[in-house]
Amino acid sequence: MNIPEPFRLLLFLAGTMAFVGLNAAYLVWVERKGAGRFQRRTGPTEVGYAGLLQPIADALKLMSKQLIVPPGVDATLFRLAPLLVLAPAMMCFVTIPFSETLVARNINVGLVMVFSFGSIHVMAIMLGGWASRNKYAIISAARIVSQNVAYEIPMLLVAVTLLMVTGTMNLHEIVQQQAGGFWNWNFFRLTANPLMPVTFVIFYICMLAETNRAPFDMAEAESELVAGAFTEYAGMGFGVFFMAEYANVVIGCSLATVLFFGGWQSPIGVLPGVFWFLLKLYLLVFSVIWVRWTFPRTQFYGLLNLSWKILIPLSLFILVLTSAMMKLF
Amino acid sequence: MKHSPWQIINGFWSLLTGMRITLGQFFKPTVTVQYPHESLKMPSRFRGHIVFVRDPATGNSLCIACKACEKACPSDCIVVDGIKREGEKRKSVTDFKLDFTKCSLCGSCVEVCPTDALEFSRAYNLASTSKEQFHCIDLVQRLETDKK
């Protein structure tokens, strides 16, 4: 299709916003249904068939609430934080290739762009916590910074390992290298690095920690910190943080799909690429929900120990191993 | 590193075991009873508030207004009255008021009744916005309305 460039970008803007919005709304439904099924409950059933209209009811409720700015808070930062947490998440979708042709911008440094925008939400949640003038929110803000700094390191080490294997930062090219059968996916590329599945597990754990998902949801530790950085937020301000959380989960899973599971490449050669991309993406999203409802929250020092004492040495070892393999073979 | 590689592998394996168990639960049928739409049947020994047992022959109460329950009640929540009707050997009950707001469901009245005229009901949906509904439950009237 030949659409003039400005219209194409506008279409992608609208499409990305719709995709993020719908994902946020319906991943909440999937999360609640999943939580129910994992505990042998039914989840939402009342609004619409199988509770399918529940997200709309939730959104209406959140929008009908007053946006309270408590006295004494830094009003500008307090209002800005939800925007700052959602906007970078949407930016990341610019370079994610949904299929061979369906990508907003095919940037040569796509991988770096996703990582750089992906790390802004840490600052945004920290700002939200800091501006709230609430002790729980500030504890949460301090936690989220140390958590994300700790987990960014192994994640980037894993990314560097993959970069050495693929030799490009262009997400489109990374996917194209994995064409033809699932044995070509980076996940199974044991010739480049016999520990490739371990690399994926490190990436996955870091992704959970970066998106503040359970068992690493230190930013919003309900049992100790009320709702962490979101304690003082009401109505849609609170809702936007949730949208951003799910947007980040989707980005993390898309990135894992692109880097490890061959993006839009079909494992058996049938059906269009978008279908396979979304299938892989949502299987990973399901696994994120699965992990959340399986493991209890870790303690904070346990979380930092996991990163500094296990993941970072392990990912460094994998990095060295990969470079040695590349030099030798 | 503080942990041996073996510990790390073992720990990771236990995480996978946990995930296998939760996925097993995921595919099992749900056990929720959607309460307002459906409800569980109460077991036979459930103690609701007391009601009269109906005499299978006449359809009336078996109560002989002996007031044993009134005396046995530790919280004084039963008031019984009866009359001697013409041509009947026993007294019949005319008035049986239960103050359910005070009742502790101890079952002394059911136990003490010489004619086994009292039993526990299975009613458990006992929520009301006013005290009056449970303040004075008229068992005689209840038996009459049940008859119709």
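In this report, we go over the structure that sits alongside the text. These numbers were taken from a predicted model, which means no experiment stands behind them.

What about the interface of chain B and chain A?
The interface of chain B with chain A comprises 20 residues on the first partner and 18 residues on the second. A combined buried area of about 1,900 Å² lies between chain B and chain A, and 66% of that area is made up of carbon and sulfur atoms. The interface formed by chain B and chain A includes 0 salt bridges. At the boundary of chain B with chain A, the tally comes to 9 residue pairs in polar contact (both at pLDDT 80 or more).

Quick look at the sheet that holds strand β5 (residues 137-138) of chain B
Strands belonging to one sheet form pairs held by backbone hydrogen bonds; the direction of such a pair is parallel or antiparallel. All names here are of chain B. Across the sheet, which stays open at both edges, the 3 strands sit in the order β2-β3-β5 with antiparallel pairing between neighbours. Each edge of the open sheet is held by one strand with a lone partner, namely β2 (78-84) and β5. Pairing geometry for strand β3 (residues 91-98) and β5, over 2 bridges, is antiparallel. Paired with Lys97 across the two strands is Asp138, which belongs to β5.

Observations concerning the pattern of salt bridges
All names here are of chain A. The full count for this structure, using the stated rule, is 6 salt bridges over all chains. With a closest N to O distance of 3.3 Å, Glu5 and Arg8 form a salt bridge. Of the two residues, Glu5 and Arg8 are both situated in helix α1 (residues 5-38); the distance of 3 residues between them amounts to about one turn of the helix. As a salt-bridge pair, Glu31 and Arg213 come within 2.8 Å of each other at their nearest N and O atoms. In this pair, Glu31 is assigned in helix α1 and Arg213 in the loop between α8 (196-210) and α9 (222-225), connecting sequence segments 182 residues apart. For the pair formed by Glu31 and Arg213, the shared burial category is buried.

Side note on the packing of helix α3 (residues 75-92) of chain A against helix α5 (residues 120-131) of chain A
All names here are of chain A. One can describe the packing of α3 onto α5 by two numbers: an axis separation of 8 Å at closest approach and a directional angle of 165°. Classified by the angle between their axes, α3 and α5 sit roughly antiparallel to one another. For the pair α3 and α5, the crossing hand works out as left-handed. For the pair formed by α3 and α5, the contact residues are Leu77, Phe78, Ala81, Leu84, Val85 and Pro88 on the first element and Ile120, His121, Met123, Ala124, Ile125, Leu127, Gly128 and Ala131 on the second. A class-by-class count of the residues in the contact of α3 with α5 yields 12 nonpolar, 2 polar and no charged.

Re the packing of aromatic side chains
Residues and elements named next belong to chain A. Considering all chains together, one arrives at 23 aromatic pairs over all chains under this definition. Centroid distance Phe200 to Tyr204: 5.8 Å. Interplanar angle 45°. Geometry classified as tilted. Here Tyr204 and Phe200 lie together in helix α8, a separation of 4 residues that amounts to about one turn. Relative accessible area serves as the criterion here: at 11%, Phe200 is assigned to the buried category.

As for unusual backbone geometry
Although it is not a glycine, Ala50 of chain A adopts a positive phi angle of roughly 55°. Secondary-structure assignment places Ala50 of chain A in the loop between α1 and α2 (54-63). Among the residues examined, Ala50 of chain A registers a relative accessible area of 29% and is labelled partly exposed. Of note, Asp76 of chain B is a non-glycine position whose phi angle comes to about 50°, a positive value. You can see Asp76 of chain B is positioned in the loop between α2 (68-72) and β2.

Brief notes about the side chain of Ser132 of chain A
One can find Ser132 of chain A in the loop between α5 and α6 (135-166). Among all residues touching Ser132 of chain A, those that are not within four sequence positions of it are Val73, Phe78, Ala137, Ala229, Glu232 and Tyr233 of chain A.

Comments concerning the state of the cysteines
Residues and elements named next belong to chain A. Applying the stated criterion across every chain, the model contains 0 disulfides over all chains. You can see Cys253 has no disulfide; the closest cysteine sulfur is in Cys92, sitting 13 Å from it. Taking the relative accessible area as the measure of exposure, Cys253 reaches 1% and is therefore buried.

Focus on the packing of α6 of chain A against helix α12 (residues 300-328) of chain A
Residue and element names in this part refer to chain A. Taken N-terminus to C-terminus, the directions of α6 and α12 make an angle of 15°; their axes are 9 Å apart at the nearest point. In this view, α6 runs roughly parallel relative to α12, as classed from their interaxial angle. The crossing of α6 and α12 is left-handed. Split by residue class, the contact of α6 with α12 holds 20 nonpolar, 7 polar and 1 charged.

Procedures and definitions
Residues numbered from 1 in each chain as written. Chains lettered and ligands numbered in written order. Predicted model: local features only at pLDDT ≥ 70, side-chain atom pairs only at ≥ 80, totals over all residues. Heavy atoms only, no water. Contact = heavy atoms within 4.5 Å. Buried area = accessible area lost by both parts, 1.4 Å probe. Salt bridge = Lys/Arg side-chain N within 4 Å of Asp/Glu carboxyl O. Polar contact = N/O pair within 3.5 Å; in protein donor to acceptor, adjacent residues only side chain to side chain. Pairing = 2+ DSSP bridges. Helix = DSSP H or I, 4+ residues; strand = E, 2+ residues; numbered from the N terminus. Buried < 20%, exposed > 50% of the residue type's maximum accessible area, 1.4 Å probe, protein only. Axes fitted to C-alpha atoms, helices over the stretch in contact; angles between N-to-C directions. Parallel < 35°, antiparallel > 145°, perpendicular 65-115°, else oblique. Left-handed = near helix turned anticlockwise from the far one by under 90°. Nonpolar A, V, L, I, M, F, W, Y, C, P; charged D, E, K, R; others polar. Phe/Tyr/Trp six-rings, centres within 6.5 Å; stacked < 30°, edge-to-face > 60°. Disulfide = S-S within 2.5 Å.

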